[in-house]
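Chain by chain, the residues run as shown.
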Amino acid sequence: DQSQYRWLTGDVNGDGATDLIAARLTKTGNVATVRLGVPGDPEEGISEPQVWHQDGQNWKNYHHFARDVNGDGLTDLVASHLSSSSGNVVYVQLSTGSSFTAPQKWTHIATNWQGYQSLMADLNGDGRSDMVYYALTAGMIDIEVQLSTGDGFAPLQKWFYRGNNWSGHTMHVGDMN
């Protein structure tokens, strides 16, 4: 059933071609299947699917990202879960160029994250994607950040907090200059 997959893109093997990643996070496990792009000739299409990782952990309610978090030029998988009961947990699966490593816990902040969402972007220009957590409500906007150190995420930093009505707004990240 393809509806259970999150479709992501990135260069997982470092050949310069965009690859297609089908990531499925469920209560019965994590499956990451990759279709490699063909460098230099988009008409060649993509490879047959290859399973790059599979496990039996409970990944229900996690959100997947495909970003380079250690600065090696390969796209890694990141699974983020924000909740009121278990807090903020982020697991990373680094790309080896031919598979994804087993999930490694890069952060766990045991406070209430109800109402927050997560995004990823390289906020400081070091070639590693960082975690951005935000809440937009009728009473405030709160943006908190964890910069990637290459083998984990640095302690949480509050980057912005302001009152006013932010309900109905959406948050995006990108390089603006």
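It should be noted that the structure appears before, not after, this text.
These remarks concern the structure in this document. (Residues numbered from 1 in each chain as written. Predicted model: local features only at pLDDT ≥ 70, side-chain atom pairs only at ≥ 80, totals over all residues. Heavy atoms only, no water.)

**A look at the overall build of the protein chain**
A count of helices and strands for the protein chain gives zero helices and twelve strands. Here the C-alpha atoms of the protein chain give a radius of gyration of 17 Å, agreeing with the 16 Å that 2.2 N^0.38 yields for 177 residues. A principal-axis box enclosing the C-alpha atoms of the protein chain has dimensions of 50 × 40 × 30 Å. Within the protein chain, the proportion of its 177 residues that are buried is 46%. In the protein chain, 41% of the contacts between residues at least 6 apart in sequence involve partners at least 24 apart. Within the protein chain, the 19 negative side-chain charges are centred at a point lying 14 Å from the centre of the 10 positive side-chain charges. (Helix = DSSP H or I, 4+ residues; strand = E, 2+ residues; numbered from the N terminus. Rg over C-alpha atoms; globule rule 2.2 N^0.38 Å. Buried < 20%, exposed > 50% of the residue type's maximum accessible area, 1.4 Å probe, protein only. Contact = heavy atoms within 4.5 Å. Lys, Arg positive; Asp, Glu negative; His and termini not counted. Charge placed at Lys NZ, Arg CZ, Asp CG, Glu CD.)

**As for the layout of surface pockets**
Its volume calculated, the largest pocket comes out at about 280 Å³. Ala121, Leu123, Trp159, Val173 and Gly174 are the residues nearest the centre of the largest pocket, which is lined by 13 residues in total. (1 Å grid on protein atoms, 1.4 Å probe; cavity = no way out; pocket = protein on both sides within 12 Å on 5 of 7 lines; lining within 4 Å. Points joined across faces, edges and corners; volume = space filled by probe spheres on them.)

**Re the side chain of Gln93**
In this fold, Gln93 is placed in strand β7 (residues 88-93). Setting aside residues no more than four positions away along its own chain, Gln93 makes contact with Asn30, His53, His64, Asp76, Leu77, Phe100, Thr101, Ala102 and Pro103.

**So, the pattern of salt bridges**
Across all of its chains, the model carries three salt bridges by this definition. Between Glu144 and Lys158 there is a salt bridge; the shortest N-O distance is 2.9 Å. Residue Glu144 is found in strand β11 (residues 140-146), and its partner Lys158 is found in strand β12 (residues 157-163); the two are separated by 14 residues along the sequence. Classification of Glu144 as buried rests on a relative accessible area of 11%. (Salt bridge = Lys/Arg side-chain N within 4 Å of Asp/Glu carboxyl O.)

**With respect to the sheet that holds strand β10 (residues 130-136)**
With antiparallel pairing, four strands are arranged side by side in an open sheet as β9-β10-β11-β12. The strands lining the two open edges of the sheet, one partner per strand, are β9 (117-121) and β12. Ignoring strand direction, the axes of neighbouring strands in this sheet form an average angle of 20°. The sheet contact formed by β9 and β10 spans five bridges and is antiparallel. Bridge pairing in β10 links Ser118 to Tyr133. (Pairing = 2+ DSSP bridges. Axes fitted to C-alpha atoms, helices over the stretch in contact; angles between N-to-C directions.)

The analysis is restricted to geometry; functional conclusions fall outside its scope.
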